[in-house]
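Here is how the chains run, residue by residue.
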Amino acid sequence: MAQIIASPSRYIQGKGEIRNLCSYAQNYGKKLCILVSASGKKRVETAITEGQKDTGVTVIFKIFNGECCMSEINRIIEAVKAAGCDMISGVGGGKIHDTAKAVGYYAGIPVVIVPTIASTDAPCSALSVIYSEEGIFEKYLFLPSSPNIVLVDTDIVSKAPARLLISGMGDALATYFEARACRQSDALNCVGGKSTLAAMALAELCYDTLMENGVSAAIAAEQKVCTKAVENVIEANTYLSGIGFESGGLAGAHAIHNGLTAIKETHEMYHGEKVAFGTLVQLVLENADMEEIEEVLEFCQAVGLPTTLAELGIMEVKPEEIMEVARLAAAEGDTLGNMPFDVTPEDVYAAIMAADALGRCFTEE
Ligand SMILES: [Zn+2]
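Residues numbered from 1 in each chain as written. Predicted model: local features only at pLDDT ≥ 70, side-chain atom pairs only at ≥ 80, totals over all residues. Heavy atoms only, no water.

(A) Broad picture of the coordination of the zinc ion. Taken together, the protein ligands of the zinc ion are D171 (OD), H254 (NE2) and H271 (NE2), with distances of 2.1 Å. Sequence spacing of the donor residues for the zinc ion, all on one chain, is D-x82-H-x16-H. Residue H254 is found in helix α9 (residues 252-260), and its partner H271 is found in helix α10 (residues 271-285); the two are separated by 17 residues along the sequence. Among the residues examined, H271 registers a relative accessible area of 27% and is labelled partly exposed. (Donors = N, O, S within 2.8 Å, 3.2 Å for Na, K, Ca; no water. Helix = DSSP H or I, 4+ residues; strand = E, 2+ residues; numbered from the N terminus. Buried < 20%, exposed > 50% of the residue type's maximum accessible area, 1.4 Å probe, protein only.)

As structure tokens, this is what we get:
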């Protein structure tokens, strides 16, 4: 079995870089279709068209309809063809990125992903999640390659609500522990290969970057300013975690996240917030060193990530509901199977309850 690492061809990050979108894109084509929300367009249009003047690239803007579904993907493909565009860019959040990636794949054109928030590690990945028009999960579209360019303007990202950057830290917090579990079990990563030394090193660097910069980045993000700590965390959330999860592999934390989505009360919580709690549950399952568990608990509480079921919105803990979460997490095909030992739903149930108790214990201190 081969070792495989996936990555965008270019990862670009810096203050005011949105202005250089066309300048970077001109290596790939002449006409760029930019998929963006109506409010996002107001924020980025001037900078993009200013920067475009110095290049040979022309742009058209298309307003996203709000859902990454096949009818929207086909609508954008038609628009791309009608306008003669030879590149697609998605400027915004996850669903816009996933739509742009799918359009790039079906239309056979290069893809430029521009995240305006750093709330998950999805921008760099070769994956689109497709929903129905009503917003119900339909399928994963596994793409043959990662985006050509991922361009992050840290000025824009640091002006987004702080909770988004913090939930991105929750998603990134899991990366090292899931990659470590996959290495121990010799599991496949998300691109169908074995992990590499490089992916493992990036996952470790991701964790260390959060530990060193997370708290000061969370404080700066509340003030909507872009400090070096914020920039480091944006890189950890987007790039280090992006390569780390896709090429290192997923395991317990994300399976527990998936199980938690069955509880209605958690729907208000962001992906990374549930993943952070899933990370604690994975560490309890592994019976990890108490020192490590404490470090993760203290980090979560310092930056404002949930460490208890109550903080996830589950005010009344019903054993049968938690058992359902555990069963879903342990379902065949989910990534709990990548843990280096057998895990039963009863084990997951016990770990969730124990993680919740640990979280409460530390909150009360
Ligand atoms: Zn995730």
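So much for the structure itself; the text now carries on.
(B) Layout of the nonpolar core. Among the nonpolar cores identified, the biggest contains 92 residues, and I88, L165 and M169 are the most heavily contacted of them. Top contributing element to this core by residue count: helix α6 (residues 162-185), with 11 residues. Setting aside residues no more than four positions away along its own chain, L165 makes contact with A118, A217, A221, V230, V233, I234 and N237. Formed by 19 residues, the second largest nonpolar core is a distinct cluster that contains C22, L32, V114 and I149. (Core = buried A, V, L, I, M, F, W, Y, C linked by side-chain atoms within 4.5 Å. Contact = heavy atoms within 4.5 Å.)

(C) Structural detail: unusual backbone geometry. Even without glycine at this site, K224 takes up a positive phi of about 60 degrees. Looking at the element boundaries, K224 is found in the loop between α7 (197-222) and α8 (228-248). Judged by its relative accessible area of 38%, K224 falls in the partly exposed class. Phi at N287 is positive, roughly 50 degrees, even though this residue is not glycine. Its place among the elements puts N287 in the loop between α10 and α11 (290-303).

(D) Seen up close, a negative patch on the surface. Residues E204, D208, E212, D289, E291, E294, E295 and E298 make up a contiguous surface patch of negative charge. Within the residue set of the negative patch, elements represented by two or more residues are α7 and α11. If one sorts the elements of the negative patch by residue count, α11 sits on top with four residues. As for its placement among the helices and strands, E212 is situated in helix α7. E212 sits in the exposed class, given a relative accessible area of 64%. (Patch = residues over 30% accessible without salt bridge, like charges linked within 9 Å, V, L, I, M, F, W, Y side chains within 5 Å. Areas by Shrake-Rupley, 256 points an atom, 1.4 Å probe, with all protein chains shown as cover. Salt bridge = Lys/Arg side-chain N within 4 Å of Asp/Glu carboxyl O. Lys, Arg positive; Asp, Glu negative; His and termini not counted. Charge placed at Lys NZ, Arg CZ, Asp CG, Glu CD.)

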